[in-house]
Every structure is written in C-alpha cells, then in structure tokens.
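Next come the chains, spelled out residue by residue.
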Amino acid sequence: MDDSTAFQGSIPEHYDSGLGPVLFRHYADVLGAAVAEARPRRILETAAGTGISSAAIAARNRDAQLVITDLNAEMLELARHALPATARVEVADAQALPFPDASFDAVACQFGIMFVPELPRAFREARRVLVPRGVFHFSVWDSHAENRFAAIVDGLLAETFPDDPPPFYSVPFRLSDVQALRTLAQSTGFRSVRIDVVPHDAPVVSWEGFADGLIRGNPVADQLRRRSADLDAVVAEVARRLDAEYGAAPTTIPVQTIFYRATVR
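Residues numbered from 1 in each chain as written. Predicted model: local features only at pLDDT ≥ 70, side-chain atom pairs only at ≥ 80, totals over all residues. Heavy atoms only, no water.

Caption draft 1: Quick peek at empty space enclosed by the protein. Inspection of every chain in the model, using the stated rule, returns 1 cavity of 30 Å³ or more. In terms of lining residues, the largest cavity is bounded by Tyr27, Val30, Leu31, Gln110, Ser139, Val198, Thr257 and Phe259. Going through the elements one at a time, α1 (11–36) and β7 (251–264) are the ones with two or more residues in the lining of the largest cavity. Taken together, the residues that form the lining of the largest cavity break down as 5 nonpolar, 3 polar and no charged. (1 Å grid on protein atoms, 1.4 Å probe; cavity = no way out; pocket = protein on both sides within 12 Å on 5 of 7 lines; lining within 4 Å. Points joined across faces, edges and corners; volume = space filled by probe spheres on them. Helix = DSSP H or I, 4+ residues; strand = E, 2+ residues; numbered from the N terminus. Nonpolar A, V, L, I, M, F, W, Y, C, P; charged D, E, K, R; others polar.)

Caption draft 2: Spatial organisation of the packing of aromatic side chains. Per the counting criterion, the structure on display carries 21 aromatic pairs. On the numbers, 5.9 Å between centres and 85° between planes, the contact of Tyr27 with Phe111 is edge-to-face. One end of the pair, Tyr27, is in helix α1; the other, Phe111, is in the loop between β4 (104–110) and α4 (119–129), with 84 residues separating them in the sequence. Exposure class is identical for Tyr27 and Phe111. Each is buried. Aromatic side chains Trp141 and Phe149 sit 6.3 Å apart centroid to centroid with 75° between the ring planes, which places their arrangement in the edge-to-face category. Considered together, Trp141 and Phe149 belong to a single accessibility category, that of buried residues. Of the aromatic side chains, those joined through ring pairs into one cluster are Phe7, Tyr15, Phe24, Tyr27, Phe111, Phe115, Trp141, Phe149, Phe168, Tyr169, Phe173 and Phe210. (Phe/Tyr/Trp six-rings, centres within 6.5 Å; stacked < 30°, edge-to-face > 60°. Buried < 20%, exposed > 50% of the residue type's maximum accessible area, 1.4 Å probe, protein only.)

See below:
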C-alpha cells in the first residue's frame, strides 16, 4: 500500500518541474561527464525517471548507442521528449534486465538504487550486462543530516501522522553508508570502486514550486492521499518551513550526494 517505487499518475510532471531544476539537473551533468570519460559505445541507464540524467548523458555521448529504462512507463513518456530519436526507451526492472551478457560499456543509475528491494540482484545484473572493464556509474543521496530539506519534510510527515507516518522520505536517503556499498560492489564482481562525495548549492526559485515537487512529485503524494491528507495544506506547510529554515527564495540550499564508479574485473 505504501509502495515507494510507484511514480505514476500526475507524479512524473510534478517530479520533473518541481524537483528537476533543484535536485537533479546539476547531478545529471556530473553523471553525463563521468560516463563520457571512457568514451563508451553502448550505454544503459536504469531508473532513468523523466530523462533529466538521460538528456545529460546523451549530450555528452553523442556517438554512443543509448538505452534508457525505468520501472515506470509514465516516467519514460516524459523522458522520450528529452532524448534524441536514436535512443531506445523501454520499461525494465534493474533487478532483471532484459539484455544479453556483456551488452554495454557503461551502466548509469542516478538516484535509483535506493528504491531497489534486492540490491545484490541489481548489482549482479549491472555486472552481467557490462563488458570487461565496463563501468557502473551510480549515485545516492547522502543522509538526512546532509540534506536538511528532506529531514524537514520527513519531520512534518511524522508530526502529522505520528501513528502511521508516510514512509517515502526514509527511502531515498537510506544508503549513505559508503563502506556497505563499496563492499556490495566488490562482492558482486566489480574490481575497483571510486567514490566521490559531491556537495552542491542547489538553486530554488520558489519555495512553493519546490514544496509542490517534494509532495506531489513522488509517491508520498499517494501515501498522503491514502491517509486522507489535504495535499494543498501539506505543500503550503512544507514551503513555510523551508522558508523559515533557509530564508526567502530565490536562494540556494546545500545538498549532498555520493557518486560511485565501479569497474568490472
């Protein structure tokens, strides 16, 4: 009932417009540049969402064959508009990829592995479809302590529903243990793992727009509806608390991610 992977209905549009400019575009450029370093000919992206990272990968790797996948078809409908016509777009589960062994030179996943129920399966699948010396590029959000905006939203939800808080905001920020992910990558067939902590001052034009994305742009919207919440009121309160924390918009907020590059043995 509280599926945190179901980005469907109106969620993709709010995700793209409310969260994309603040949280995803800068890190998409970081990912696109990193993937391009080895000049891969065949690139697979998993958990591509609405194509924000896909567009950055395509822009930096113009001569590569690009395959874009996500679990949610409605997210991919938006992604198609951000991609060149040569890109292949299809629904796929990162835990069971429908591609032959050694099909790609690079696999990329921006902020997707946190939603995977069985991480070892996803890592083994990424390893399986990569060629020798291929690279798995993936990023995760650091903890709530390093991403205060998320702690603010999660705190509000816990206050509002103390007996049954919507669980979404515990999911994207749950993999900040660097050593655990390094060990997992090495145990599933990756030889070396480069890890970079990437802080950023994210631009916010409007607290109302960002708050709308934080509530209506992910599955917490459906989790709140199931609890008969007034989404307009929740969005307004999120905007008020963000303004109180960071000051009037336009401004920037500090965010932090962890970026991994795992190379096949």
